[in-house]
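As a plain string of letters, each chain reads:
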Amino acid sequence: MVAAERIARDLRGQGLRLTRQRRVILDALRGTKAHPDAYALWSEVKSALPRVSLATVYRTLGVLTRLGLVREVESSGPFARFDGRLDPHGHITCTDCGRVADVELPDVSEISAAAVVDGPFKVTGCRVELTGLCASCAGRSKRKNGSRRQA
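So, a few notes on the structure that sits alongside this text. Treat the numbers as computed from the prediction; the structure is a model and nothing was measured.

### Focus on the overall build of the protein chain
So, point 1. What the protein chain contains, in helices and strands, is five helices and five strands.
So, point 2. Listed N to C, the secondary structure of the protein chain is α-α-α-α-β-β-β-β-β-α in terms of helices and strands.
So, point 3. Out of the 151 residues belonging to the protein chain, those deemed buried represent 29%.
So, point 4. Put simply, 47% of the contacts in the protein chain that link residues at least 6 apart link residues at least 24 apart.
So, point 5. Within the structure as shown, the protein chain displays about 10,200 Å² of accessible surface, and the carbon and sulfur contribution to it stands at 52%.

### Digging into helix α3 (residues 38–45)
So, point 1. Taken together, the buried positions of α3 are occupied by A38, L41, W42 and V45. End-on, the buried residues of α3 take up no more than an arc of 105°, which puts them together on one face.
So, point 2. For α3, the elements touching its buried residues are α2 (20–30), α4 (54–66) and β2 (81–83).
So, point 3. Of the residues that open α3, the one with a side-chain oxygen 3.1 Å from the backbone nitrogen of Y39 is D37.

### Structural notes on the sheet that holds strand β3 (residues 90–94)
So, point 1. Taking strand neighbours across the sheet as the criterion, the three strands line up as β4-β3-β5 in an open arrangement whose pairing is mixed. For this open sheet the edge positions go to β4 (100–103) and β5 (129–132), each flanked by a neighbour on one side alone. Neighbouring strand axes in the sheet, compared pairwise and without regard to direction, differ in orientation by 30° on average.
So, point 2. Direction of pairing for β3 relative to β5: parallel, over a ladder of four bridges. What sits directly across from T93, in β5, is T131.

### What to know about the pairing of β4
So, point 1. Taken together, the four bridges between β3 and β4 define a ladder with antiparallel strand orientation. For I92, the partnering residue across the bridge sits in β4 and is A101.
So, point 2. In this structure, the hairpin formed by β3 and β4 is closed by a connection of five residues, where G98 is found at a positive phi of approximately 85°.

### Examining the pattern of salt bridges
So, point 1. Taken as a whole and judged by the stated rule, the model has six salt bridges.
So, point 2. For D10, the salt bridge identified is with R6, shortest N-O distance 3.5 Å. Of this pair, D10 and R6 both sit in helix α1 (residues 3–13), four residues apart, which is roughly one turn of that helix.
So, point 3. The class for R6 is partly exposed, based on a relative accessible area of 33%.
So, point 4. Between D10 and R9 there is a salt bridge, and its shortest N-O distance comes to 3.0 Å.
So, point 5. Here R9 falls in the partly exposed class, since its relative accessible area comes to 39%.

### Quick notes on the side chain of T56
So, point 1. Here T56 shows up in helix α4.
So, point 2. Here the side chain of T56 touches S53 through a polar contact of 2.9 Å, side chain to side chain.

### Here we look at the packing of α3 against α4
So, point 1. Closest axis-to-axis distance for the α3/α4 pair is 9 Å, and the angle between their directions is 115°. The two elements α3 and α4 meet at a crossing, and its hand is right-handed. Between α3, through A38, Y39, L41, W42 and V45, and α4, the contact on the second element is made entirely by L54, V57, Y58 and L61.
So, point 2. Considered class by class, the residues forming the contact of α3 with α4 number nine nonpolar, no polar and no charged.

Criteria and cut-off values
- Residues numbered from 1 in each chain as written.
- Predicted model: local features only at pLDDT ≥ 70, side-chain atom pairs only at ≥ 80, totals over all residues.
- Heavy atoms only, no water.
- Helix = DSSP H or I, 4+ residues; strand = E, 2+ residues; numbered from the N terminus.
- Buried < 20%, exposed > 50% of the residue type's maximum accessible area, 1.4 Å probe, protein only.
- Contact = heavy atoms within 4.5 Å.
- Areas by Shrake-Rupley, 256 points an atom, 1.4 Å probe, with all protein chains shown as cover.
- Arc of directions from axis to C-beta.
- Polar contact = N/O pair within 3.5 Å; in protein donor to acceptor, adjacent residues only side chain to side chain.
- Pairing = 2+ DSSP bridges.
- Axes fitted to C-alpha atoms, helices over the stretch in contact; angles between N-to-C directions.
- Salt bridge = Lys/Arg side-chain N within 4 Å of Asp/Glu carboxyl O.
- Left-handed = near helix turned anticlockwise from the far one by under 90°.
- Nonpolar A, V, L, I, M, F, W, Y, C, P; charged D, E, K, R; others polar.

Following this line, the structure appears as structure tokens:
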């Protein structure tokens, strides 16, 4: 089944339509690796949808997240971030600038319920979030520390 048909079917199952706004927002999110928040996504889709409101973007992201068509990224920042990539992967968040990037994971299908300390579980997924400094922030930090030592 073509992705657009699956999306339309999933929306119809919830009594919703695949509107132009939903399609443009979803396409914009799936077309970036930036893991934008709603405001950044709104800024991007305004060129294609000049009259779209920020509230519409928020509502659409909520619907798409509930349907499993996008994911909300667990980030340590103040705003929810979103990811159009649905295959298993983790994220790393820069603790300085807040940039979020994808991290490829080893096969986690072997995780068993026996590994859980508080009793048996059926493992249905895995979420990994790493934190650190992106190359830009690490370089900036290194330059700051280097200039202090010379003083």
